[in-house]
Structure formats: structure tokens, C-alpha cells
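Structural overview for review
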Amino acid sequence: MNVIAWSIVACEIAFWVVIGLGLIVRYVFHKKTLGLALLALTPVIDLALLVIAGFDLRSGATATTAHAIAAVYIGVSIAFGKSMIQWADERFRYYVTKQGEKPAKRYGMEYAKHYMIGWMRHLVAYAIGAGLLLLTHGLVGDAARTEALMGTARLWTLVLGIDFLIGVSNFVWPKRAKAKA
């Protein structure tokens, strides 16, 4: 595995460690300001990955799938970061500290609407990530060195379309609660 792939792994681990520490400090040690400060560090992790990948490509490296995944990671982290932190916060508060309401499960139209909101976040992630891929492709200026980036952009376009179709299908065939025995 190359340096970029390891950087992605390190950033993903750092992302969840920072969130975990932020929630522990916030709810277990009751230091809300310090907990919020830790949670606010998550964009710094994205910035570090962007700098590492950019420096590697600027140094003459040929773009790999790992470079492309770095752009995808940054887009997803920016678009979904706040909702992922909120998701973790709700579950930590309920399951670990035994406070608050149990996170609700969604069914029917509520689930379909929630899924489409998630798809819109996916669209934002795509716009950011694909924008980074295209920007990098343009800055490098060598199609042979950036083919992995463009291949990832094409694949992600397909995935975004499939995700949209799944979202629409939730309105046609709404998710139902499991029947109790």
C-alpha cells in the first residue's frame, strides 16, 4: 500500500478517534466546550489528507486509485461529517450515558424522505469530490498521470445514479416495520 492509502486509513481512524474522544469528554467528563473543540477538529483531518495527496501529485507522482479515494473521502467527510457526528452523538448519549430518547427507526414515507435527504448529501459529496478530481486532473495536465482520477469520477457518477434510483424506489415501495411475532 502506498503513502496515500495509508494516509486515508490514518485519517479515517483519526476521524473516529477524535469523535469518540469528543463525545467521551463531552458526556462522561461533562466538559462540553472541550468536547465541542475536539469534534470541531474533524475538518483539520480532511485538510491534512488534502495537503498530503496534493503534495504527492505535485511532486510528480502518477495518480492512483488511492489519490482518487482521498478526494472521495474529503467530499463525503464534508457533506456527511456533521450528520455522522450527530448520529454518533445521539447513540452515545442514549446507549452509553443512558440519557435522551432512543434513536428512532424510520419507516414508510418518513424513511423515503430521510433517504432522499441523504442522497442530496451524497450529491453534495459528489460535487466536492468530483470537483477535486477534475481540478486535480486539470492542474496536473497529463491525462496519462490522472486516468485513475477520471475512472473513479465515472464510477462515482454511476453509483450516484444508482443511489438516486434506490431513493426513488423508497417512495414507490416504502420500507415497512418488521412484523412482531
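Below, the structure is looked at part by part. Numbering of residues starts from 1 in every chain and runs along the sequence as written. For a predicted model such as this one, the threshold for reporting local features is a pLDDT of at least 70, and the threshold for listing and counting side-chain atom pairs is 80 or more; totals across whole chains, interfaces and linings nevertheless cover every residue. Based on all heavy atoms of the structure, the side-chain values leave hydrogens and waters out of the count.

Let us look at the overall build of the protein. We count a stretch as a helix when DSSP gives it H or I for four or more residues in a row; a strand needs E for two or more, and each element gets its number in order from the N terminus. What the protein contains, in helices and strands, is 6 helices and 0 strands. Mapped from its N terminus to its C terminus, the protein presents α and β elements in the order α-α-α-α-α-α. Principal axes of the C-alpha set define a box for the protein whose edges measure 60 × 45 × 25 Å. Burial classes: relative accessible area under 20% of the type maximum marks a residue as buried, over 50% as exposed, and values in between as partly exposed (1.4 Å probe, protein chains only). When the 181 residues of the protein are sorted by exposure, 35% land in the buried category. A total accessible area of about 11200 Å² is found for the protein, and carbon and sulfur atoms account for 69% of it. Positive charges come from Lys and Arg, negative ones from Asp and Glu, while His and the chain ends are left out of the count. Working definition for charges: the position is that of NZ of Lys, CZ of Arg, CG of Asp or CD of Glu. Separation of charge centres in the protein, based on 19 positive and 10 negative side chains, amounts to 11 Å. Accessible surface area values rest on a Shrake-Rupley calculation with a 1.4 Å probe, where residue burial reflects the displayed protein chains alone.

Turning to unusual backbone geometry, a few remarks are in order. Here His 30, not a glycine, exhibits a phi torsion of approximately 55 degrees, which is positive. Relative to the assigned elements, His 30 resides in the loop between α1 (3-28) and α2 (32-39). Look at His 30 and you get exposed, because its relative accessible area is 59%. Positive phi values are uncommon outside glycine, yet Lys 98 reaches one of about 60 degrees.

Grouped together as the largest cluster of nonpolar side chains are 29 residues, with contacts concentrated most on Ile 19, Leu 49, Tyr 73 and Leu 133. Mapped onto this core, the elements with two or more residues apiece are α1, α3 (42-58), α4 (65-96), α5 (108-140) and α6 (147-172). Residues grouped as a nonpolar core are buried Ala, Val, Leu, Ile, Met, Phe, Trp, Tyr and Cys residues, joined through side-chain atoms within 4.5 Å. Core analysis: the next-biggest nonpolar cluster, separate from the first, contains 8 residues, Met 116, Ala 125, Ala 130 and Leu 160 among them.

For Arg 145, the position within the fold is in the loop between α5 and α6. Buried within the structure, Arg 145 lacks any salt-bridge partner; Asp 142 is the closest side chain of opposite charge, at an N-O distance of 4.6 Å. We call two residues contacting when some pair of their heavy atoms lies within 4.5 Å. With residues near it in sequence (within four places) discarded, Arg 145 still touches Leu 57, Gly 60, Ala 61, Thr 62, Ala 63 and Val 140. Counted as salt bridges are all cases of a side-chain nitrogen of Lys or Arg within 4 Å of a carboxyl oxygen of Asp or Glu.

Per the stated rule, a full pass over the model turns up 5 salt bridges. Residues Glu 147 and Arg 154 are paired through a salt bridge, measuring 2.6 Å at the closest nitrogen-oxygen approach. Each member of the salt-bridge network shares a partner with another, and the members are Arg 26, Asp 89 and Arg 93.

Two packed helices can be described by the angle between their axes and the distance between those axes. Helix axes are fitted to C-alpha atoms over the stretch in contact, other axes to C-alpha atoms as well, and angles between N-to-C directions run from 0 to 180 degrees. Here α1 crosses α2 at 170 degrees, and the two axes come no closer than 7 Å. Judged by the angle between their axes, α1 and α2 are roughly antiparallel. Touching Val 18, Ile 19, Leu 21, Gly 22, Val 25 and Arg 26 of α1 are Lys 32, Leu 34, Gly 35, Leu 38 and Leu 39, all from α2. Looking at the contact of α1 with α2 residue by residue, the class counts come to 7 nonpolar, 2 polar and 2 charged. Oblique is the label for any angle not covered by the other classes, which are roughly parallel (under 35 degrees), roughly antiparallel (over 145) and roughly perpendicular (65 to 115). The residue classification treats Ala, Val, Leu, Ile, Met, Phe, Trp, Tyr, Cys and Pro as nonpolar and Asp, Glu, Lys and Arg as charged. All others, Gly included, are polar.

Take the environment of Glu 12 next. As for its position among the elements, Glu 12 is in helix α1. Among the residues examined, Glu 12 registers a relative accessible area of 32% and is labelled partly exposed. Taking the C-alpha atoms as reference points, Glu 12 and Tyr 107, 95 residues apart in sequence, are found 30 Å from one another.

Here α1 spans 36 Å end to end across 26 residues, near enough to the 38 Å set by a 1.5 Å rise per residue. For α1, the full list of buried residues reads Ile 4, Ala 5, Ser 7, Ile 8, Cys 11, Phe 15, Val 18, Ile 19, Gly 22, Leu 23, Val 25 and Tyr 27. Buried positions along α1 lie against α2, α3 and α4. One or two residues past the end of α1 sits His 30, with phi positive at roughly 55 degrees. Helix span, expected: 1.5 Å multiplied by one less than the number of residues in the helix.

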